[in-house]
There are 2 protein chains.
Amino acid sequence: MTVERVSAPTPAAFVDAANAAFRNGAVLSVQARCEVEYNGRTSGYLGDGDRLLVAKPDGTFLVHQPTGHKPVNWMPGGGTVEARTSQGDAVLLARRSNPTERVETRLHEVYGVTRFDAEDGATYEESGTEAEMHEYIEANPDALEAGLRIVEHERETKYGFIDFYAVDGDGTPVVIEVKRIQATLNHFDQLKRYVDRYAETNDDVRGMLVAPSASERVTRALRDNGLEFVALAEFGLDAKGATEAKLTDF
Amino acid sequence: MTVERVSAPTPAAFVDAANAAFRNGAVLSVQARCEVEYNGRTSGYLGDGDRLLVAKPDGTFLVHQPTGHKPVNWMPGGGTVEARTSQGDAVLLARRSNPTERVETRLHEVYGVTRFDAEDGATYEESGTEAEMHEYIEANPDALEAGLRIVEHERETKYGFIDFYAVDGDGTPVVIEVKRIQATLNHFDQLKRYVDRYAETNDDVRGMLVAPSASERVTRALRDNGLEFVALAEFGLDAKGATEAKLTDF
């Protein structure tokens, strides 16, 4: 069972479910009316309101109000989260040392709690911008196919901008969609939408997805729909791989 | 109904539930196995894995892996989040302009989705550190009670450090717990634990909670348990109020 849900638990039932999740390394998400205290580098207080609380097995604890991408309070991984009852309420306490700080949440009403035994071995892979790849293709259309000629870069259609409109050596139009990351089914969707649009007036149009690589599932979807894939392996992952840079605006 | 849950929805049922939540301004949390693409300032890809997805009515979208306090991908408020089906999967697309960026999540398996019609009018209130208040009390014990004498600051007990151990004008010991924010039931709990510990050997011990203010509920709990409250209103909220400073480590 990957996910287990308890709706409107009593404080005692909530505490049991939460502590079992913490023991077993599950991700906990809680919808609750609660008040929150922070004590550590400063002191802080957030009065009663509805919030989404998230606890992760590494000790991460997040308090999310209904708006904003930043949690209003949180603890990073490395500490502990525990649940207890107190004065008829359930209480979640997240704390760590070095620096010593704690976020204590008193849950006046628990609407629901979800335990998520999540498995995730993937790592975020970041690559450069598509603009670099566009420049390269514009200067080297032969890298996609001998005899290919670019007619228009970023042609506007009523379905959005297509990356390249080209013609092949036989004069057949080619709609080209360029992706900087491994091709996905979303990319297939997008290319198919553009090609279908062109096929309304020209049966002969070809559709070409260009990306550093593609899974078997994506190449099969393309093939089954009469579309093509071209790998530009030189635009594979940068050596830096995943990056923290994009997290700086938090 | 504050919370509505659908377990293991079909892609179509998920899309209906998600779009209804977006239309109605609810907070959505989703447990799913998914892959994620980012396109904007850079390009990024996160392969298949179990994640907690959160969408808020302001357009905020968060992708949380099972560890770490930062979302692996996100969009701030201001844009839109929409759900659709594609190639037999549910897809969540979060996007905004200025800068143009998009996070597209393909959900290969939706374990569950929770819609949360959250109401929250509270604002996080930050105050200084308790250390400032401790210094003040140490220099001005009369501010708590005429004739009070501090015996020990931060006395270690097996239940933790109590803030002040003092004696009153009659020589009765006083356990003092100091809080920089409005007193809460958690503080009452803590003081009661310390006082109970002392009462094992000295029936006469007094317990005093010192804070800028306290709700009626907290003062009642204290009174009902023979404990006291002292307001130090001069340590109320700083003019700056809520702050962004504590969010900088994201």
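Thresholds, definitions, all that
- Every chain's residues receive numbers from 1 upward, in the order its sequence appears when written.
- Chain letters start at A and ligand numbers start at 1, both assigned in the order the entries are written.
- Restriction of local features to residues with pLDDT of at least 70 applies here, the model being predicted, together with a cutoff of 80 or more for giving and counting side-chain atom pairs; totals for whole chains, interfaces and linings are based on all residues.
- Excluding hydrogens and water, the side-chain figures rest on all heavy atoms present in the structure.
- Under the scheme used here, helices are H or I runs from DSSP no shorter than 4 residues and strands are E runs no shorter than 2 residues, and both carry numbers assigned from the N terminus.
- Helices are assigned an expected span. That span is 1.5 Å times one less than the residue count.
- Any two residues whose heavy atoms approach within 4.5 Å at even a single point are treated as in contact.
- Here the bounds of each domain stem from an automatic or database domain assignment.
- Our superposition of the copies is a least-squares fit, built on the C-alpha atoms of residues whose pLDDT is at least 70 in both.
- Axis definition: a line fit to C-alpha positions, over the contact stretch in the case of helices; interaxial angles, taken between N-to-C directions, run 0 to 180 degrees.
- When describing relative orientation, an angle under 35 degrees is termed roughly parallel and one over 145 degrees roughly antiparallel, while 65 to 115 degrees is termed roughly perpendicular and anything else oblique.
- The hand of a helix crossing depends on one turn: near helix anticlockwise from the far one by less than a right angle means left-handed, and clockwise means right-handed.
- Each residue is assigned to one of three groups, with Ala, Val, Leu, Ile, Met, Phe, Trp, Tyr, Cys and Pro labelled nonpolar, Asp, Glu, Lys and Arg labelled charged, and all others, Gly among them, labelled polar.
- In this scheme, a residue with accessible area under 20% of its type's maximum is buried, one over 50% is exposed, and one in between is partly exposed, where area comes from a 1.4 Å probe on protein chains only.
- The term buried area refers to how much accessible surface (probe radius 1.4 Å) is lost by two components on association, counted for both of them together.
- Think of a salt bridge as a Lys or Arg side-chain nitrogen and an Asp or Glu carboxyl oxygen that are within 4 Å of each other.
- The rule for pairing is simple: two strands pair if DSSP sees at least two bridges between them.

Draft legend 1. Quick peek at helix α1 (residues 11-23) of chain B. Residue and element names in this part refer to chain B. A rise of 1.5 Å per residue sets the reference length of α1, with its 13 residues, at 18 Å; its end C-alpha atoms lie 18 Å apart and thus fit the reference within 8%. The elements touched by buried residues of α1 are β2 (27-39), β3 (43-55), β6 (80-86), β7 (89-96) and β8 (101-116). Where α1 ends, the next residue or the one after it, G25, has phi of about 70 degrees, a positive value.

Draft legend 2. Geometry of the domain arrangement of chain A. The domain architecture assigned to chain A consists of domain 1 (3-116) and domain 2 (130-235). Domain 1 of chain A and domain 2 of chain A are separated by 47 Å when their C-alpha centres are compared.

Draft legend 3. Spatial organisation of the relation of the copies chain A and chain B. Note on the copies: chain A fits chain B at an RMSD of 0.1 Å, the axial shift is 0.0 Å, and the rotation between them is 180 degrees. Expressed as an axis order, the relation between the two copies is that of a two-fold axis. Interface overlap between copies is the fraction of interface residues in one copy that are interface residues in the other; for chain A against chain B it reaches 100%, indicating a shared surface.

Draft legend 4. Fine view of the packing of helix α3 (residues 185-199) of chain A against helix α4 (residues 216-224) of chain A. Residues and elements named next belong to chain A. Between α3 and α4, whose axes approach to 9 Å, the crossing angle comes to 15 degrees. With respect to α4, the element α3 is oriented roughly parallel. The element α3 and its partner α4 pack so that their crossing is right-handed. Residues L185, F188 and L191 of α3 lie in contact with α4, whose contacting residues are R217, V218, A221 and L222. For the contact of α3 with α4, the residue count by class is six nonpolar, no polar and one charged.

Draft legend 5. Main features of unusual backbone geometry. All names here are of chain A. Residue P99 follows N98 across a cis peptide bond; omega there is -5 degrees. Inspection of the secondary structure assignment puts P99 in the loop between β7 (89-96) and β8 (101-116). Of note, A8 is a non-glycine position whose phi angle comes to about 45 degrees, a positive value. Positionally, A8 belongs in the loop between β1 (3-7) and α1 (11-23). Within the chain, N98 stands out as a residue other than glycine whose phi angle is a positive 60 degrees. The topology assignment puts N98 in the loop between β7 and β8. Looking at N98, the relative accessible area reads 72%, which means it is exposed.

Draft legend 6. Structural context of the interface of chain A and chain B. Counting residues at the interface gives 82 residues for chain A and 82 residues for chain B. The contact between chain A and chain B buries some 7,100 Å² in all, and 53% of this surface belongs to carbon and sulfur atoms. At the boundary of chain A and chain B, one finds eight salt bridges. Of the charged contacts in the structure, one is a salt bridge between D189 of chain A and R106 of chain B, with a shortest N-O distance of 3.4 Å. The element that contributes the greatest number of residues to the side of chain A that touches chain B is strand β3 (residues 43-55) of chain A, accounting for 11 residues. Of the residues that constitute the side of chain A that touches chain B, the class distribution is 27 nonpolar, 29 polar and 26 charged.

Draft legend 7. Focus on the sheet that holds strand β11 (residues 160-167) of chain A. Residues and elements named next belong to chain A. In space, the five strands of this open sheet follow the order β10-β11-β12-β13-β14, with mixed pairing throughout. In this open sheet, the two strands that pair with only one neighbour each are β10 (149-157) and β14 (228-231). Each adjacent strand pair in this sheet contributes to an overall mean axis angle of 30 degrees, direction not counted. Relative to β14, strand β13 (residues 206-211) runs parallel, the two sharing four bridges. Looking at β14, one finds that L209 is bridged to F229.

Draft legend 8. Quick look at the sheet that holds strand β13 (residues 206-211) of chain B. All names here are of chain B. Read across the sheet, five strands follow the order β10-β11-β12-β13-β14 without closing on themselves; strand pairing throughout is mixed. Two strands close off the open sheet at either side, each with one partner strand: β10 (149-157) and β14 (228-231). The sheet shows a mean angle of 30 degrees between the axes of neighbouring strands, direction not considered. Bridge count between β10 and strand β11 (residues 160-167): seven bridges; the pairing is antiparallel. Looking across to β11, one finds that H153 is bridged to F164.

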